[in-house]
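Spelled out from the first residue to the last, the chains are:
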Amino acid sequence: MTTPTATLLISCPDRRGLVAKIANFIYTYGGNIIHADQHTDFASGLFLTRIEWQLKGFNLPRDLIAPAFNAIAQPLEAKWELHFSDTVPRIAIWVSKQDHCLFDLIWRQRAKEFTAEIPLVLSNHPDLKIIAEQFGIDYHYIPINKDNKQEQEAKQLEILQQNKIDLVVLAKYMQILSQEFIVQFPHVINIHHSFLPAFVGANPYHKAFERGVKIIGATAHYVTADLDAGPIIEQDVVRVSHRDEVEDLIRKGKDLERIVLARAVRSHLQNRVLVYGNRTVVFE
């Protein structure tokens, strides 16, 4: 889209007149709404919405939109985020030794399937440095173990801060982030090679093979302190048969991991994901 837009993501207790109140805020300043999606979660009593409008002709400077809307949001007890389409997020891709998701994200970014900068790749192994260098991306090798975890995570956080990173994508980064890290940098997406909540943790394809499942899956989710238990953004499955060996499950799973992770990253970057509790609404 050539014309810059603004997007509000809002969640608040459900009540009458919310759609009108939010739309009227945009109308008051001459805004033209181009997308509006909403959902009411009756179990929690929450109203969730995504509303996007053109900034051309909007009679409120960007730096005044947030304080002006906050005056409306506070009485509604709303949690909200404001995003602008011409702000380019900065992504750090974290990997270990597997390269399929790393290649896929870089190719999609270069093909402009999503708008973002990828200034760095970070890894606990040196193996994939050649890939980052091939694309002119800085590579940070930070070995990590149980004895130096706290010290190395401090280095990782410093690198994220220095590079003004908005989102970390764990593209097969085979380490568990500490709760302290997540508190300081909560914007992390992980790809897990199973259809969660099945087969949590390591070696899910081997576990799936032993169980004789007929489908395998992949799950992209936000990272929390609980292992593989964060809010799910995207999932998909593929069929397997009794003829498939573990190697076949891994091959099929890798294809699925690429697609699921790319969808999740794209939805996040397009500001289509609203988290509430341990669930998400992903607006199409």
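Starting from 1, residues in each chain are numbered consecutively following that chain's sequence as written. Side-chain atom pairs in this predicted model are given and counted only at pLDDT of 80 or more, local residue features only at pLDDT of at least 70, and totals for whole chains, interfaces and linings cover all residues. Just so you know, side-chain values use all the structure's heavy atoms and leave hydrogens and water out.

In the nomenclature of an unreviewed UniProt entry, the protein chain is known as Formyltetrahydrofolate deformylase of Scytonema hofmannii PCC 7110. UniProt positions are given in the numbering used here, feature names are shortened, and annotations may be inferred rather than shown by experiment. In its Pathway (unreviewed entry) section, UniProt records this for the protein chain: "Purine metabolism; IMP biosynthesis via de novo pathway; formate from 10-formyl-5,6,7,8-tetrahydrofolate: step 1/1." The Function (unreviewed entry) comment attached to the protein chain in UniProt states, word for word, "Catalyzes the hydrolysis of 10-formyltetrahydrofolate (formyl-FH4) to formate and tetrahydrofolate (FH4)."

Asker: Help me understand the pairing of strand S12 (residues 273-276), please; the structure alone is not making it clear to me.
Answerer: In the case of a regular strand, side chains alternate between the two sheet surfaces. Any two strands are treated as partners once DSSP identifies two or more bridges connecting them. Secondary structure elements are defined from DSSP: runs of H or I of at least 4 residues count as helices, runs of E of at least 2 residues count as strands, and each element is numbered from the N terminus. With four bridges joining them, S12 and strand S13 (residues 279-282) adopt antiparallel strand pairing. Its bridge partner lying in S13, Tyr276 is registered against Arg279. The hairpin formed by S12 and S13 contains two residues between the paired strands, and Gly277 there has a positive phi angle of roughly 65°.

Asker: Is there a simple way to explain helix H2 (residues 62-73) in this structure?
Answerer: Helix span, expected: 1.5 Å multiplied by one less than the number of residues in the helix. For H2, spanning 12 residues, the distance from its first C-alpha to its last is 17 Å, which sits close to the expected 16 Å at 1.5 Å a residue. Only protein chains enter the accessibility calculation, which uses a 1.4 Å probe; a residue whose area is less than 20% of its type maximum is buried, one above 50% is exposed, and one in between is partly exposed. Every buried residue belonging to H2 is among Ile65, Phe69 and Ala73, and all of these are buried. The buried residues of H2 occupy an angular sector of 60° when projected down its axis, which confines them to one face. Structural note: H2 exposes Asp63 and Ala71 on the side pointing more than 90 degrees away from its buried face. If you follow the buried residues of H2, they end up packed against strand S1 (5-13), helix H1 (18-28), strand S3 (46-54) and strand S4 (79-84). Note that the arc is defined by the directions from the helix axis to the C-beta atoms. Throughout, a contact is declared for two residues whenever any of their heavy atoms are within 4.5 Å.

Asker: Would you take a moment to explain the side chain of Thr5 for this structure?
Answerer: Tracing the backbone shows Thr5 in strand S1. Exposure remark for Thr5: the relative accessible area of 0% places this residue in the buried category. What qualifies as a polar contact is a pair of N or O atoms within 3.5 Å, subject to a donor-acceptor requirement within protein and to the restriction that residues adjacent in sequence count only when both atoms come from side chains. Within the structure, Thr5 has its side chain in polar contact with the side chain of Glu52 (distance 2.7 Å). Those residues in contact with Thr5 that lie beyond four places of it in its chain are Ile34, Glu52, Trp53, Gln54, Leu55, His83, Phe84 and Ser85.

Asker: Please clarify how the domain arrangement of the protein chain should be interpreted in this entry.
Answerer: When the parts of a complex come together, some accessible area is lost, and that lost area is often taken as the interface size. An automatic or database domain assignment provides the domain bounds reported here. Domain annotation of the protein chain identifies domain 1 (5-84) and domain 2 (90-282). Centre-to-centre, using C-alpha coordinates, domain 1 lies 31 Å away from domain 2. Taken residue by residue, the interface counts 11 residues in domain 1 and eight residues in domain 2. A combined buried area of about 830 Å² lies between domain 1 and domain 2, and 61% of that area is made up of carbon and sulfur atoms. Values labelled buried area give the accessible surface lost by two parts on being combined, using a 1.4 Å probe and summing over both.

Asker: Help me understand the packing of helix H3 (residues 100-110) against helix H8 (residues 246-269), please; the structure alone is not making it clear to me.
Answerer: A pair of packed helices is captured by two measures, namely the crossing angle of their axes and the spacing between those axes. Geometry is summarised by axes, namely lines fitted to C-alpha atoms with helices restricted to the contacting stretch, and by angles between N-to-C directions that run from 0 to 180 degrees. It is at 9 Å that the axes of H3 and H8 come closest, and there the two elements cross at 45°. Classified by the angle their axes make, H3 and H8 are oblique. In terms of crossing hand, the pair formed by H3 and H8 is right-handed. On the side of H3, the interface is formed by His100, Cys101, Asp104, Leu105 and Arg108, while H8 contributes Lys254, Glu257, Arg258, Ile259, Leu261, Ala262, Val265 and Arg266. Per-class residue counts for the contact of H3 with H8 are six nonpolar, one polar and six charged. Angle categories are assigned with fixed cut-offs, so that under 35 degrees is roughly parallel, over 145 is roughly antiparallel, 65 to 115 is roughly perpendicular, and the rest are oblique. If you view the pair so one helix is near and one far, a crossing is left-handed when the near helix is turned anticlockwise from the far one by less than a right angle, and right-handed when it is turned clockwise. Gly counts as polar in this scheme, as do all residues outside two lists: the nonpolar Ala, Val, Leu, Ile, Met, Phe, Trp, Tyr, Cys and Pro, and the charged Asp, Glu, Lys and Arg.

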